[in-house]
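The primary structure of each chain is shown beneath.
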Amino acid sequence: MVKITPNFNFNGKCEQAIRLYEQAFSAKIECLLRYCDARSEDCDKKLTQEQKNYIYHAEIYIGNQRIMMADNLDIDFKPSSALSLTVTMDTKEDVIKAFEILKDGSEIIYPVHSTTYSSCTCSLVDKFGFRWVIMTEQTER
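Read on for a plain summary of the structure. (Residues numbered from 1 in each chain as written. Predicted model: local features only at pLDDT ≥ 70, side-chain atom pairs only at ≥ 80, totals over all residues. Heavy atoms only, no water.)

Let us look at the packing of aromatic side chains. Here the structure, examined in full by the defined rule, presents 10 aromatic pairs. Ring centres 4.1 Å apart and planes at 10° place the aromatic pair phenylalanine 8 and phenylalanine 130 in the stacked group. Here phenylalanine 130 lies in the loop between strand 7 (121–125) and strand 8 (131–136) and phenylalanine 8 lies in strand 1 (residues 7–10), a separation of 122 residues in the sequence. By the ring-pair criterion, three or more aromatic residues cluster together here, those being Phe8, Phe10, Tyr21, Phe25, Phe128, Phe130 and Trp132. (Phe/Tyr/Trp six-rings, centres within 6.5 Å; stacked < 30°, edge-to-face > 60°. Helix = DSSP H or I, 4+ residues; strand = E, 2+ residues; numbered from the N terminus.)

Next up, the structure:
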C-alpha cells in the first residue's frame, strides 16, 4: 500500500514546532531522534554542539495522520504557501483554540470565520513557514 506522509523540514526550530503542534492539535510524539542519536555514517558533517541537539527525525500524529519532521542540515530552508495541511476539528471551539495557539508570529491568510461548507474555518502560515487550514466540517456547530 502506498502512503503519502507530509515531511516538514526546519532549520534548527523543529523541536519548537513539535511543542507548538502538541498544544494546537494535541499532537502525539511517536518518535524523536536527535543528531547525537544518529549513527555516525548517517551524517558526514561536522556538527556544532547546538546542531547535535537538533532533531534528526521525528514523527508526530495529529489524529491518525503521521507527520515526519526534522532539522534538515543539507538544504536551505525556503517556506512555501503553495501547499497547506487542512486539520478538521470536531468543534468551533477546537478551531479557535488551535488558531489562538498558532497565530503568534504567523501570517494570517483568513481569520476565523464561517463559510458555506464550514461553521468555523481559518488559514495561516505559522511562524515556521507552514500553511495550515483549520476547520470544522459541520455547518451546524
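From this point, the narrative continues.
As a further point, take the sheet that holds strand 3 (residues 55–62). Taken together, the four strands give an open sheet; going across it, the order is 1-4-3-2, and neighbouring strands pair in mixed fashion. Each edge of the open sheet is held by one strand with a lone partner, namely strand 1 and strand 2 (28–34). Neighbour-to-neighbour, the strand axes of this sheet turn through a mean angle of 15°, independent of strand direction. In this sheet, strand 3 lies alongside strand 2 in antiparallel orientation, the contact comprising six bridges. (Pairing = 2+ DSSP bridges. Axes fitted to C-alpha atoms, helices over the stretch in contact; angles between N-to-C directions.)

On to unusual backbone geometry, then. We note that serine 26 has phi near 55°; this positive angle belongs to a residue other than glycine. Within the secondary structure, serine 26 sits in the loop between helix 1 (14–25) and strand 2. Here serine 26 falls in the partly exposed class, since its relative accessible area comes to 43%. (Buried < 20%, exposed > 50% of the residue type's maximum accessible area, 1.4 Å probe, protein only.)

Further remarks concern helix 1. Its 12 residues place the ends of helix 1 16 Å apart at the C-alpha level, agreeing with the 16 Å of an ideal helix rising 1.5 Å per residue. Buried within helix 1 are the following residues: Cys14, Ala17, Ile18, Leu20, Tyr21, Ala24 and Phe25. The buried residues of helix 1 occupy an angular sector of 165° when projected down its axis, which confines them to one face. With its phi angle positive at about 55°, serine 26 sits one or two positions after the end of helix 1. (Expected span 1.5 Å × (residues − 1). Arc of directions from axis to C-beta.)

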